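In case you want the letters, here they are:
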Amino acid sequence: MDLHSSSAAIPPVTSPALPRDEGQAAGLPRSSMAVAAFSTVVEWYDFTLYLFMTTVLSRVFFGSGASSVLTALAVFAIAYVMRPFGALVFGHVGDRLGRRRVLLASMSVMTVAMLVTALLPTREQVGSTAGVLLLLLRCVMGFSVGGEYTGVMTYLVEGAPPRRRGLVASLASAASEVGALLAVGVAALTTALTSGPALDSWGWRIPFLFGALLAAGTLIARSTMQESPAFEQFQQAHGAEHGPLSQTLRTQRPALYRTFTISALGSITYYLGITYVPTYLTSVGGFAEGDALWLATLASAAVIVITPFAGVMADRLRRRPTLVVFGVLSLVLPVAMFALMTRGHAVLALVGAVVLALVAGGVSAVGASSAPEQFPVAGRLSGLAVATVATTIFGGLTPYASQALIDSTGWRLVPGIMVAGVALVALPVLWRLPETAPSLLVPAEDPAVPGADTA
């Protein structure tokens, strides 16, 4: 496909409501941006680890019954409902008190939650109480994660050089894939070295203990970060924002619809096309747990390659055409790729998993810059917090919904249909998306720096 031709074929859509800014804020030091970008490893390590370890955790906390896997996925889904609540709380704090405080607070909660998870008693030790405790901790984790990804994306978009904003934001997306890769690698290594009773007894704790150490190290590194210069400039000019959420709901409704759509497509492609794949390969494709995890490891590695490339595309070809390209791929490829994974052949399963991962990685990489750019500095985190409702619906709930539909109908291509359906609805919105790439905006129209209201 000629990407330049694709870009030219899409007529430009501009928005007269893009903010008129008072000045360009200074950029962040590279050290602060590096810490922010690569600290997304922790968030995605934890949530990806849970999904990659679903079959093991289902036995440990819910027994070996036929419905245990579905129960474990239900815990994931319920905990994910806490994500928008956390996003709203942390978004309010971030819009009033600063981005840095949000990133420190959310990582502190994640560190404690991951450590306590590793120390939980099992069903064999305390009965059904074990499952309840796991659910509570997952809810705490979901709440804290609500302030993580949106906080990091906002921090990077506000601090990166304008013409490289897509690439810089995509590096955080790539780092999240490093977290996913690390999770599946650690899970695969753990299941390989402690298979059988040892895995269910104590081996499952190892990946969570490793995650707690990773989170603690990230928290220490984040303590060295500077505050977002765009936020500081806005606060110096206007003071602390009062009621950022209510202000955003009143004045930013079109931006909320757009970011909801971007988040919906990014979430369903990621959670069904990457994190749900090991469970799908095991429960539907007939692969052993270890084999499914290793196949997912290779797919996660491929995502790390595509994300910076997609970020460069977003900078050079603009945000909207790049999102449209990945939206079309999300429409036409998933059903066929999930079909390949049902054949029971490792090579075909790997092809399906890698293609799905590449599409998901591309959507996430471009969304990392385009979603925050829909809002001005004032209320940006609150606006992105509202959009996390899409992540809850199309991310946290879809693995459970997909597995439940497969179990009840026997139709093995359900996840592919779900992804394609969301892409079909999202494409008209992406086609009309206002272009926010700074290279095409005059300085006063760049939405990432302090300015007046936008719609």
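Keep in mind the model is a prediction, meaning the values are calculated, not measured.

**Considering the layout of surface pockets**
In this structure, the largest pocket occupies an estimated 250 Å³ of space. Of all elements in the fold, only α2 (30-38) and α11 (165-193) reach the threshold of two or more residues within the lining of the largest pocket. Looking at the lining of the largest pocket, the element that brings in the most residues is α2, giving 5 residues. As a volume, the second largest pocket reaches approximately 170 Å³. What lines the second largest pocket is Arg-59, Val-60, Thr-122, Arg-123, Glu-124, Gln-125, Pro-197, Asp-200 and Ser-201. Counting only elements with at least two residues in the lining of the second largest pocket, the list comes to α4 (54-62), α8 (123-126) and α12 (197-203). Tallied by class, the residues present in the lining of the second largest pocket amount to 2 nonpolar, 3 polar and 4 charged.

**Focus: the pattern of salt bridges**
All chains considered together, the criterion is met by 11 salt bridges. The partner of Arg-138 in a salt bridge is Asp-46, with the nearest N and O atoms 2.9 Å apart. Of this pair, Arg-138 sits in helix α9 (residues 129-145) while Asp-46 is found in helix α3 (residues 40-52), placing the two residues 92 residues apart along the sequence. Like Asp-46, Arg-138 is buried. For Arg-99, the salt bridge goes to Glu-158, with nearest N and O atoms at 2.7 Å. Here Arg-99 is found in helix α7 (residues 99-118), whereas its partner Glu-158 is found in helix α10 (residues 149-159), with 59 residues between them in sequence. The exposure class of Arg-99 is buried, given its relative accessible area of 1%. A single salt-bridge network, built from bridges that share partners, covers Asp-95, Arg-99, Glu-158 and Arg-380.

**Considering the confidence of the model for the protein**
Taken residue by residue, the protein gives an average pLDDT of 85. The fraction at 70 or more is 90%. Predicted confidence is poor over residues 451-455, with pLDDT under 50, and the contacts of this stretch with residues over four places away or in other chains come to 25 contacts.

**So, the packing of helix α5 (residues 68-80) against helix α23 (residues 398-409)**
Their axes nearest at 8 Å, the elements α5 and α23 cross at an angle of 150°. As summarised for this structure, α5 and α23 are arranged roughly antiparallel, according to the angle between their axes. The hand of the α5/α23 crossing is left-handed. Facing α5, whose interface residues are Leu-70, Leu-73, Ala-74 and Ala-77, α23 presents Pro-399, Tyr-400, Gln-403, Ala-404 and Asp-407. Of the residues belonging to the contact of α5 with α23, the class tally is 7 nonpolar, 1 polar and 1 charged.

**Points about empty space enclosed by the protein**
Taking a probe equal in size to a water molecule and rolling it over the atoms shows the remaining empty space. Per the stated rule, a full pass over the model turns up 6 cavities of 30 Å³ or more. Its boundaries defined by the atoms lining it, the largest cavity holds a volume of some 390 Å³. Of all the secondary-structure elements, those providing two or more residues to the lining of the largest cavity are α10, α11, α16 (253-275), α21 (346-370) and α22 (380-396). When residues of the lining of the largest cavity are assigned to their parent elements, the largest contribution, 6 residues, is made by α16. Residues of the lining of the largest cavity, tallied by class, amount to 13 nonpolar, 10 polar and 2 charged. Size it by volume and the second largest cavity reaches roughly 80 Å³. In this structure, the second largest cavity is lined by 13 residues; those nearest its centre are Phe-52, Thr-55, Thr-282, Glu-289 and Leu-293. When contributions to the lining of the second largest cavity are tallied by element, the ones reaching two or more residues are α3, α4, α17 (277-283) and α18 (289-316). Within the lining of the second largest cavity, the residues separate by chemical class into 7 nonpolar, 5 polar and 1 charged.

**A word on a nonpolar patch on the surface**
On the surface, Val-81, Phe-85, Val-389, Ile-393 and Leu-397 cluster together into a nonpolar patch covering about 370 Å² of accessible area. On the accessibility criterion, Phe-85 (48% relative accessible area) is partly exposed.

**Things to note about the packing of α3 against α9**
The N-to-C vectors of α3 and α9 enclose an angle of 145°; their axes lie 11 Å apart at closest approach. The two elements α3 and α9 cross, and the hand of that crossing is left-handed. Across from Glu-43, Asp-46, Phe-47 and Tyr-50 in α3, the residues of α9 making contact are Leu-134, Arg-138, Met-141, Gly-142 and Val-145. For the contact of α3 with α9, a count of residues per class yields 5 nonpolar, 1 polar and 3 charged.

**What to know about α4**
Within α4, 8 of the 9 residues are buried, which leaves it mostly tucked inside the rest of the structure. Among the residues of α4, those classed as buried are Thr-54, Thr-55, Val-56, Leu-57, Ser-58, Val-60, Phe-61 and Phe-62. Just beyond α4, the residue with positive phi is Gly-63, at close to 85°.

**Looking at the packing of aromatic side chains**
Under the counting rule described, the total for this entry stands at 13 aromatic pairs. Ring centres of Trp-204 and Phe-208 lie 6.2 Å apart, and the angle between their planes is 70°; this geometry places the pair in the edge-to-face category. Assessed through its relative accessible area of 0%, Trp-204 is described here as buried. According to the relative accessible area criterion, Phe-208 is buried, its value standing at 1%. Ring centres of Tyr-280 and Phe-338 lie 5.0 Å apart, and the angle between their planes is 80°; this geometry places the pair in the edge-to-face category. In this pair, Tyr-280 sits in helix α17 while Phe-338 sits in helix α20 (residues 334-340), placing the two residues 58 residues apart along the sequence.

**Digging into the nonpolar core**
Core analysis: the largest hydrophobic core is formed by 92 residues, its most contacted members being Phe-61, Met-114, Leu-156, Trp-204, Leu-281 and Met-341. For this core, the leading source of residues is α11, giving 9 residues. Beyond its immediate chain neighbours, meaning those up to four positions away, Met-114 contacts Val-42, Tyr-45, Asp-46, Met-141, Phe-208, Gly-211, Ala-212 and Ala-215. In terms of nonpolar packing, the next biggest core, distinct from the first, is built from 16 residues, Leu-265, Ala-314, Val-366 and Leu-430 among them.

Reading guide: rules and limits
Residues numbered from 1 in each chain as written. Predicted model: local features only at pLDDT ≥ 70, side-chain atom pairs only at ≥ 80, totals over all residues. Heavy atoms only, no water. 1 Å grid on protein atoms, 1.4 Å probe; cavity = no way out; pocket = protein on both sides within 12 Å on 5 of 7 lines; lining within 4 Å. Points joined across faces, edges and corners; volume = space filled by probe spheres on them. Helix = DSSP H or I, 4+ residues; strand = E, 2+ residues; numbered from the N terminus. Nonpolar A, V, L, I, M, F, W, Y, C, P; charged D, E, K, R; others polar. Salt bridge = Lys/Arg side-chain N within 4 Å of Asp/Glu carboxyl O. Buried < 20%, exposed > 50% of the residue type's maximum accessible area, 1.4 Å probe, protein only. pLDDT = per-residue confidence, 0-100. Contact = heavy atoms within 4.5 Å. Axes fitted to C-alpha atoms, helices over the stretch in contact; angles between N-to-C directions. Parallel < 35°, antiparallel > 145°, perpendicular 65-115°, else oblique. Left-handed = near helix turned anticlockwise from the far one by under 90°. Patch = residues over 30% accessible without salt bridge, like charges linked within 9 Å, V, L, I, M, F, W, Y side chains within 5 Å. Areas by Shrake-Rupley, 256 points an atom, 1.4 Å probe, with all protein chains shown as cover. Phe/Tyr/Trp six-rings, centres within 6.5 Å; stacked < 30°, edge-to-face > 60°. Core = buried A, V, L, I, M, F, W, Y, C linked by side-chain atoms within 4.5 Å.

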